Amino acid sequence: MAEEAENPENCPTKNAGSFLHILQEMEENNERKRPFSGSLGYSGFIRAIYHGRVQIGFEDENR
């Protein structure tokens, strides 16, 4: 069984409700990108580490 994320305040993938809350915060603060990361520990010596970012809008690849 996996343990809780080490940084749950920075983890929008915990559930859909918190993800929608983060999108609302980003819109209110005029943020375009917000990174997130965390890790999950499993029994033994296995640890899954993940990183990602939430982005609102389109990015110009020519810039």
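Above this text is the structure in question.
Residues numbered from 1 in each chain as written. Predicted model: local features only at pLDDT ≥ 70, side-chain atom pairs only at ≥ 80, totals over all residues. Heavy atoms only, no water.

Colleague: Which parts of the structure should I look at to understand the overall build of the protein?
Modeller: Summing up its helical and strand segments, the protein has 1 helix and 2 strands in all. Expressed as a percentage of the 63 residues in the protein, the buried residues total 19%. Sequence-distant contacts, at least 24 apart, represent 45% of the contacts inside the protein between residues at least 6 apart. (Helix = DSSP H or I, 4+ residues; strand = E, 2+ residues; numbered from the N terminus. Buried < 20%, exposed > 50% of the residue type's maximum accessible area, 1.4 Å probe, protein only. Contact = heavy atoms within 4.5 Å.)

Colleague: Could you clarify how one ought to interpret the side chain of Arg 34 in this entry?
Modeller: The residue Arg 34 is located in strand 1 (residues 33-41) in this model. Judged by relative accessible area, Arg 34 falls into the buried class, the value being 19%. At 3.0 Å, the side chain of Arg 34 forms a polar contact with the side chain of Glu 25. Of the polar contacts made by the side chain of Arg 34, one reaches the side chain of Glu 31; its length is 2.7 Å. Excluding residues within four positions of it along the chain, Arg 34 makes contact with Ile 22, Glu 25, Met 26, Gly 52, Arg 53 and Val 54. (Polar contact = N/O pair within 3.5 Å; in protein donor to acceptor, adjacent residues only side chain to side chain.)

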